[in-house]
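# Reading the structure
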Amino acid sequence: MENVPSASTAETKQLGRWVHWTLMIGVAVSGLLLALGLVLLQIQGQAAQPAVSLRPWPLLQNALAGFGEAWIWLGLLALMLTPIVRVAALAIGWGRLGDYRFMFVALVVLILLGLSISLGVG
């Protein structure tokens, strides 16, 4: 039988809390951005415009200029990034706990997510 380091229950629970908070914060930030975008659209009487750029800097510029649809897109992007942040938190946590097998799997998942994003956007 292999000699695998086992994490204490307290450390494992702490990792679970970190993962829980990454998900909660991601969903909360996304919800706030989506709500802000909807409020701005209603206040300004703007119709949704499909011509908003989804590149990061123009999207931020449009959001700061007060375009509601840009805020909605930022909310959707925050929601899409939430699972990626979760996997990164798990990789870091498993590395700190000495569970290198799971850390390696999480890193592979992050690499695959990065590849799919870069190939899908490009």
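Note that this is a predicted model, so its numbers are computed, not measured.

## Quick word on the overall build of the protein chain
Tallying secondary structure elements over the protein chain gives 4 helices and 0 strands in all. Mapped in sequence order, the helices and strands of the protein chain form the string α-α-α-α. The buried share among the 122 residues of the protein chain stands at 25%. In the protein chain, the proportion of contacts linking residues at least 24 apart, taken out of those at least 6 apart, comes to 58%. On the protein chain, roughly 8800 Å² of surface is accessible, and the fraction owed to carbon and sulfur atoms is 72%.

## Side note on the packing of helix 2 (residues 56-64) against helix 3 (residues 68-97)
Between helix 2 and helix 3, the shortest axis-to-axis distance is 8 Å and the interhelical angle comes to 130°. By the angle between their directions, the pair helix 2 and helix 3 is classed as oblique. In this structure, helix 2 meets helix 3 at a crossing whose hand is left-handed. Contacts from Leu 59, Leu 60, Asn 62 and Ala 63 of helix 2 reach helix 3 at Ala 70, Trp 71, Trp 73, Leu 74 and Leu 77. Taken together, the residues of the contact of helix 2 with helix 3 break down into 8 nonpolar, 1 polar and no charged.

## Overview of the nonpolar core
Counting 8 residues, the largest nonpolar core is built from Leu 33, Leu 40, Leu 59, Ala 63, Ala 70, Trp 71, Leu 74 and Ala 78. Take this core: its biggest share by element is 4 residues, from helix 3. Residues within four places of Ala 78 in sequence aside, it is in contact with Val 29, Ser 30 and Leu 33.

## Notes on the confidence of the model for the protein chain
Low pLDDT means the predicted atomic positions in that stretch should not be read closely. Per-residue confidence for the protein chain gives a mean pLDDT of 86; residues scoring 70 or more make up 87%. Per-element confidence in the protein chain ranges from a low mean pLDDT of 87 for helix 2 to a high of 93 for helix 3.

## A closer look at the packing of helix 1 (residues 9-44) against helix 3
Close contact between helix 1 and helix 3 brings their axes to 7 Å; oriented N to C, the two are set at 175°. Judged by the angle between their axes, helix 1 and helix 3 are roughly antiparallel.

The rules behind the values
Residues numbered from 1 in each chain as written. Predicted model: local features only at pLDDT ≥ 70, side-chain atom pairs only at ≥ 80, totals over all residues. Heavy atoms only, no water. Helix = DSSP H or I, 4+ residues; strand = E, 2+ residues; numbered from the N terminus. Buried < 20%, exposed > 50% of the residue type's maximum accessible area, 1.4 Å probe, protein only. Contact = heavy atoms within 4.5 Å. Areas by Shrake-Rupley, 256 points an atom, 1.4 Å probe, with all protein chains shown as cover. Axes fitted to C-alpha atoms, helices over the stretch in contact; angles between N-to-C directions. Parallel < 35°, antiparallel > 145°, perpendicular 65-115°, else oblique. Left-handed = near helix turned anticlockwise from the far one by under 90°. Nonpolar A, V, L, I, M, F, W, Y, C, P; charged D, E, K, R; others polar. Core = buried A, V, L, I, M, F, W, Y, C linked by side-chain atoms within 4.5 Å. pLDDT = per-residue confidence, 0-100.

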